[in-house]
Amino acid sequence: MGVRTWETTVAATPAIGTGDVLLVVDIQNDFCPGGRLAVPKGDEVVPLVNRLAQRFSHVVLTQDWHPDRHESFASAHPGKKPFDVISLSYGPQVLWPDHCLQGSRGAEFHKNLQIPHAELVLRKGFRRNIDSYSAFYENDHKTVTGLRGHLAEGELQHVVLVGLAFDFCVRYSAEDAAREGLRVTVVEDACRGIDIEGSMNQTRESFARSGIQIMSADAILSA
């Protein structure tokens, strides 16, 4: 996705209005440097996300919120290690280091994330037997989180995504939003990724197929 494509997209993008919502994905201590599942340079997005949030009347924060011995943890599967892939009842599952345990410091939002007007904190991954990357569905693609209903009630039709990680929770949330018939924009420079076996480029390719816009933060801030 080159700069020229971004410029074309920016020109066609209206200013943020009352039907738009900023979805801030998992900017938590465990996903930032020093955390148990750190996304490289994940903390760098915080000042930019704060600035973007000031442009939105509607902001939703997502928060990974895992119980101990969650099925997605490698520690719950003897002989397995982080980043192994196993098959669970709902399909393939990457195994992760223990992270974002309920009530832990790692599960807290980054201390510099300052969005006091956020209208909803949506916790996901709290069911022990199923993981949840998307802000809309658990990983079985059937169990809803309630976010779609919240957006429908507020007549919010355009979802703008930022946060961590670009190639996992941001990606799955964006793709599910598009499947729900919403207009979707991902602000890539307000995200950071893990990039497992080319997952960053795979995410960009998937967004292109799904009609998901990729934009820069400047395009929104200057609109």
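The rules behind the values
Residues numbered from 1 in each chain as written. Predicted model: local features only at pLDDT ≥ 70, side-chain atom pairs only at ≥ 80, totals over all residues. Heavy atoms only, no water. Salt bridge = Lys/Arg side-chain N within 4 Å of Asp/Glu carboxyl O. Helix = DSSP H or I, 4+ residues; strand = E, 2+ residues; numbered from the N terminus. Buried < 20%, exposed > 50% of the residue type's maximum accessible area, 1.4 Å probe, protein only. Polar contact = N/O pair within 3.5 Å; in protein donor to acceptor, adjacent residues only side chain to side chain. Contact = heavy atoms within 4.5 Å. Phe/Tyr/Trp six-rings, centres within 6.5 Å; stacked < 30°, edge-to-face > 60°. Pairing = 2+ DSSP bridges. Axes fitted to C-alpha atoms, helices over the stretch in contact; angles between N-to-C directions. Expected span 1.5 Å × (residues − 1).

*Asks:* Just checking my understanding: could you explain the pattern of salt bridges for this structure?
*Replies:* Opposite charge on two side chains allows them to pair when their charged atoms are near. Following the criterion strictly, the structure yields 9 salt bridges and no others. Asp176 serves as the salt-bridge partner of Arg179, at 2.6 Å between the closest nitrogen and oxygen. Taken together, the residues span about one helical turn, with Arg179 and Asp176 both in helix H4 (residues 166–179) at a distance of 3 residues. Judged by its relative accessible area of 6%, Asp176 is buried. The partner of Glu188 in a salt bridge is Arg204, and the shortest N-O contact between them spans 2.6 Å. Note that Glu188 is positioned in strand E7 (residues 183–192) and Arg204 in helix H5 (residues 199–210), a separation of 16 residues in sequence. By relative accessible area, Glu188 is classed as buried at 13%. Classification of Arg204 by relative accessible area gives partly exposed; the value is 22%. When salt bridges with common partners are traced through the structure, they connect Asp26, Asp64 and Lys124 into a single cluster.

*Asks:* Mind showing me how you'd approach the side chain of Thr62 here?
*Replies:* By the secondary structure assignment, Thr62 is in strand E2 (residues 59–64). Judged by relative accessible area, Thr62 falls into the buried class, the value being 0%. A polar atom in the side chain of Thr62 sits 2.6 Å from the side chain of Asp26. Beyond its immediate stretch of four places on either side in the chain, Thr62 contacts Leu23, Val24, Val25, Asp26, Gln28, Phe109, Leu122, Lys124 and Ala135.

*Asks:* Could you clarify how one ought to interpret unusual backbone geometry in this entry?
*Replies:* Glycine aside, residues mostly have negative phi, and peptide bonds are mostly found in the trans state. In this chain, Leu164 is followed by Ala165 through a cis amide linkage whose omega measures -10 degrees. In this structure, Ala165 sits in the loop between strand E6 (158–164) and H4. The backbone of His141 sits at a positive phi, close to 65 degrees, despite the residue not being glycine. Mapped onto the secondary structure, His141 falls in the loop between strand E5 (120–124) and helix H3 (147–153). The exposure class of His141 is exposed, given its relative accessible area of 51%.

*Asks:* Would you mind going over the packing of aromatic side chains with me for this structure?
*Replies:* How two aromatic rings sit relative to each other is set out by the distance from centre to centre and by the angle between their planes. Tallying each qualifying case throughout the model produces 6 aromatic pairs. Here Phe83 and Trp96 contribute two aromatic rings whose centre-to-centre distance is 5.7 Å and whose plane-to-plane angle is 85 degrees, an arrangement assigned as edge-to-face. One end of the pair, Phe83, is in the loop between E2 and strand E3 (85–88); the other, Trp96, is in the loop between strand E4 (91–94) and E5, and 13 residues separate them in sequence. Geometrically, the ring pair formed by Tyr133 and Tyr172 is edge-to-face, given 5.0 Å between the ring centres and 65 degrees between the ring planes. With a gap of 39 residues between them, Tyr133 in the loop between E5 and H3 and Tyr172 in helix H4 connect regions that are remote in the sequence.

*Asks:* Help me out: how do you make sense of the sheet that holds strand E1 (residues 20–25) in this one?
*Replies:* Pairing between the strands of a sheet comes from backbone hydrogen bonds, and it takes one of two forms, parallel or antiparallel. Pairing is parallel across the open sheet formed by 6 strands, whose spatial order is E5-E2-E1-E6-E7-E8. If you trace the sheet from one side to the other, it starts and ends with E5 and strand E8 (213–215), each paired once. Recorded for the sheet is a direction-independent mean angle of 25 degrees between the axes of neighbouring strands. Here E1 runs beside E6; their pairing, made up of 6 bridges, is parallel. Looking across to E6, one finds that Val21 is bridged to Val159. Running at roughly 145 degrees to E7, helix H2 (residues 46–53) makes contact with E1, E2, E6 and E7 of the sheet.

*Asks:* In this structure, what is going on with H4? I would like to understand it.
*Replies:* An α-helix turns once per 3.6 residues; consequently, residues spaced three or four apart project the same way. The terminal C-alpha atoms of H4 lie 18 Å apart, and with 14 residues this matches the ideal 20 Å at 1.5 Å per residue to within 8%. Buried residues dominate H4, accounting for 11 of its 14 residues. Every buried residue belonging to H4 is among Phe166, Asp167, Phe168, Cys169, Val170, Arg171, Ser173, Ala174, Glu175, Asp176 and Ala177, and all of these are buried. Its buried side turned inward, H4 meets E1, E5, E6, E7 and H5. One or two residues past the end of H4 sits Gly181, with phi positive at roughly 85 degrees.

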